[in-house]
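# Architecture at a glance
Residues per chain are reported as follows:
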Amino acid sequence: MADRYLSFTGTAPGRFLTRRLGLPQPAPLRRWSPEHPTLGGDLLHLTAGKSDLDLAATGLALVRSSERPAAVLLDASGVRDVEGLADVHAALHPVVRSVAAGGRVVVLGAPLDPADHHQSAAQQALEGFTRSLGKEIGRGRTVNLVRPADALAAESTLRFLFSPKSAYVSGQVIEVGARQVTAPDDWDRPLTGRTALVTGAARGIGEAVAGTLARDGARVVVLDVPQAQAAARQVAERLGGTALALDITAPDAGERIAAALPDGLDVLVHNAGITRDRRLVNMPAERWSSVLEVNLASVLRTTDALLASGTIRAGGRIVATASIAGLAGNAGQTNYGASKAGVAGLVRSLAPRALAEHGVTVNAVAPGFIETKMTAAVPLFIREAGRRMNSLAQGGLPVDVAETIAWLAHPASGAVNGQVVRVCGQSLLGA
Ligand SMILES: NC(=O)c1ccc[n+]([C@@H]2O[C@H](COP(=O)([O-])OP(=O)(O)OC[C@H]3O[C@@H](n4cnc5c(N)ncnc54)[C@H](O)[C@@H]3O)[C@@H](O)[C@H]2O)c1
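Residues numbered from 1 in each chain as written. Predicted model: local features only at pLDDT ≥ 70, side-chain atom pairs only at ≥ 80, totals over all residues. Heavy atoms only, no water.

Here the focus is the sheet that holds strand S12 (residues 361-367). Taking strand neighbours across the sheet as the criterion, the seven strands line up as S9-S8-S7-S10-S11-S12-S13 in an open arrangement whose pairing is parallel. At either end of the open sheet lies a strand with only one pairing partner, and these are strand S9 (242-245) and strand S13 (420-423). When the angles between neighbouring strand axes are averaged without regard to direction, this sheet yields 20°. Helix-sheet contacts for helix H7 (residues 229-239) involve strand S8 (219-224) and S9, and the interaxial angle to S9 is about 155°. (Pairing = 2+ DSSP bridges. Helix = DSSP H or I, 4+ residues; strand = E, 2+ residues; numbered from the N terminus. Axes fitted to C-alpha atoms, helices over the stretch in contact; angles between N-to-C directions. Contact = heavy atoms within 4.5 Å.)

As a further point, take the pattern of salt bridges. Taken as a whole and assessed by the stated rule, the structure comprises 18 salt bridges. A salt bridge links glutamate 207 to arginine 238; the nearest nitrogen and oxygen atoms lie 2.7 Å apart. Residue glutamate 207 is found in helix H6 (residues 204-215), and its partner arginine 238 is found in helix H7; the two are separated by 31 residues along the sequence. Put simply, glutamate 403 and arginine 215 hold a salt bridge, and the shortest N to O gap is 2.8 Å. (Salt bridge = Lys/Arg side-chain N within 4 Å of Asp/Glu carboxyl O.)

Here we take up the environment of threonine 11. Along the chain, threonine 11 falls in the loop between helix H1 (4-9) and helix H2 (12-20). Sequence spacing of threonine 11 and valine 269 is 258 residues, and the spatial spacing of their C-alpha atoms is 39 Å.

Looking now at the domain arrangement of the chain. Structurally, the chain comprises domain 1 (31-176) and domain 2 (195-423). The C-alpha-based centres of domain 1 and domain 2 are spaced at 28 Å. At the interface, 20 residues of domain 1 touch 24 residues of domain 2. Of the roughly 1,900 Å² buried between domain 1 and domain 2 on both sides combined, carbon and sulfur atoms contribute 59%. Arginine 31 is the partner of aspartate 400 in a salt bridge, and the nearest nitrogen-oxygen pair spans 2.8 Å. For the pair domain 1 and domain 2, the interface holds nine residue pairs in polar contact (both at pLDDT 80 or more). For the side of domain 1 that touches domain 2, the secondary structure elements donating two or more residues are helix H4 (117-136), helix H5 (155-161) and strand S6 (173-176). In terms of residue count, the dominant contributor to the side of domain 1 that touches domain 2 is S6 (four residues). In the side of domain 1 that touches domain 2, the residues fall into nine nonpolar, six polar and five charged. (Domains from an automatic or database assignment. Buried area = accessible area lost by both parts, 1.4 Å probe. Polar contact = N/O pair within 3.5 Å; in protein donor to acceptor, adjacent residues only side chain to side chain. Nonpolar A, V, L, I, M, F, W, Y, C, P; charged D, E, K, R; others polar.)

Structure follows, in structure tokens:
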């Protein structure tokens, strides 16, 4: 399962040889650890055009000049026409080379103004700019675009993007609404006093999600099928949480979760998922329906039941797990692709209503190629292609998905709603 190519290109002869042969050059990513909680360098603040965003109101430590920034924040929210885009070039062209390896570029845009097609053209241009820079910048550096309606409401998002926690998130466009949010007492333990339930958490990505939410202070409930209880109990014990044996496809799964959590729930993570790959011509109805049932129908049913019963408290968060296979399509996965695209549809439709009626946000992550048992079972050639076909030229780790979910679950992320955020190293598929 280990990525031997990544280890090889990390050595001097490996670097020399792969460069001579014109092969991909994946840079080791700098991920969060207690010893390295930050990117460890300057956060350079640049502006293109005139901006109304009050970034000084946030707790971000911005500087106006730096020779070797760890990250660059380009505020282009005031760009209203094509001429203004010249300021984007003028601001970034001189500094992009100096951004440290493993660093970040975040472009701030503005919501598109439907009454002004010049502003919309210029702001949409930032999307193509961001995605193109992400593909060429290299050295483990990422580039993302955030469209905030308000600077303070975007603070949790900017903190995430300017931290090692977002190592595998690149080429994304994230909209942040104008809702009032309150900063947590402790940015390091934002989920203290909150309860989080993660489905399919006995192993893989779900286990990493439960671990990351526990690190952030949450009391975690590790839900998995009865057959996986030995592993689920071990995970729960290690994290100081509890295990819940339940097949999420049970018709009364929502009611049973509500009964197990009489004091309510703050964070619901729909992570349980299965694949039953076959081309459509060879796919029996059972393989079709089991994937739709686990990955989509049960997500809809439990979400509806837990919102209706008021189990998910106001200020709560629902995060579902889509996949780039649902956004890009994948041969042999018509069932899986349908189920994961359905998750994105559920999120976009429910998000505004859930927030208005229950004070709960609804978002999804869409993982790309993540190194798990699921992807270790993929034949070698396809696995190698999956790993390299993204801007970072490597697979992600379960913790990359977990960190992204933790940002969406954050109490200060209440203005991030209805988003489907890819955790794919800017995969070339469906980009
Ligand atoms: N690994 C990847 O590269 C990748 C990529 C895109 C999306 N995803 C999605 O991420 C999620 C986790 O993937 P993973 O790779 O960790 O998978 P995994 O197979 O390692 O783990 C899935 C867990 O879900 C549990 N589960 C399955 N059916 C269940 C049910 N009916 N009720 C309760 N629990 C159930 C399993 O027992 C298992 O513990 C899935 O939704 C998957 O589709 C994974």
